[in-house]
Amino acid sequence: MNHKKSLFGSFLVSLLFGSILLYVSYHGAIHTDEGWSFSEAYYSSKGLAFYTDFFSHRLPLNSYLLGHWFQAFDDDFFSARMFSVFFGTLAIMVLSYVIFRITKSVWASLISI
């Protein structure tokens, strides 16, 4: 009986998270300043310096890494999306590994995703 309760709770949390993600992605509230970030990365990939050659309103680490990604691959929107997918997947893998090492539970690491 206790196993069914935890499975049902996990299902409800997943359903809630999925519905929030669908709502936000449908209404376009994710990364509204995406073009600004891509243009900063493009300028960085062409050798321009942050804060001196062009204005940047945030810390340049993401744009700097994305600029190097543009140099290695291509400077289009698909490549920029693959940068986010790659590092997002890497972050999920590292997070679940760390939680597995702390708790020694596969279920806890899967739920943390």
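Up top is the structure these notes are about.
Values in this document were obtained by computation on a predicted structure and should not be read as measured data.

Undergrad: Explanation requested: the packing of aromatic side chains in the structure shown.
TA: Aromatic ring pairs are defined here through the distance separating the ring centres and the angle between the ring planes. Following the criterion strictly, the structure yields 7 aromatic pairs and no others. Here the aromatic rings of F83 and F87 are separated by 4.9 Å at their centres, their planes lie at 65°, and the arrangement is edge-to-face. Placement of the pair is F83 and F87 together in helix α4 (residues 77-103), with a separation of 4 residues, close to one helical turn. For the pair F86 and F87, a centre-to-centre distance of 5.1 Å together with 80° between the ring planes defines the contact as edge-to-face. The class of F87 is partly exposed, set by a relative accessible area of 36%.

Undergrad: Whenever I open this one, the packing of helix α3 (residues 61-72) against α4 confuses me. Can you help?
TA: Helix-helix packing is described using two parameters, namely the angle between the two axes and the distance between the axes. Here α3 crosses α4 at 120°, and the two axes come no closer than 10 Å. By the angle between their directions, the pair α3 and α4 is classed as oblique. Seen along the crossing, α3 lies across α4 with a hand that is right-handed. Residues N62, L65, L66, W69 and F70 of α3 form the contact with α4, whose participating residues are S79, A80, M82, F83 and F86. Considered class by class, the residues forming the contact of α3 with α4 number 8 nonpolar, 2 polar and no charged.

The rules behind these values
Residues numbered from 1 in each chain as written. Predicted model: local features only at pLDDT ≥ 70, side-chain atom pairs only at ≥ 80, totals over all residues. Heavy atoms only, no water. Phe/Tyr/Trp six-rings, centres within 6.5 Å; stacked < 30°, edge-to-face > 60°. Helix = DSSP H or I, 4+ residues; strand = E, 2+ residues; numbered from the N terminus. Buried < 20%, exposed > 50% of the residue type's maximum accessible area, 1.4 Å probe, protein only. Axes fitted to C-alpha atoms, helices over the stretch in contact; angles between N-to-C directions. Parallel < 35°, antiparallel > 145°, perpendicular 65-115°, else oblique. Left-handed = near helix turned anticlockwise from the far one by under 90°. Contact = heavy atoms within 4.5 Å. Nonpolar A, V, L, I, M, F, W, Y, C, P; charged D, E, K, R; others polar.

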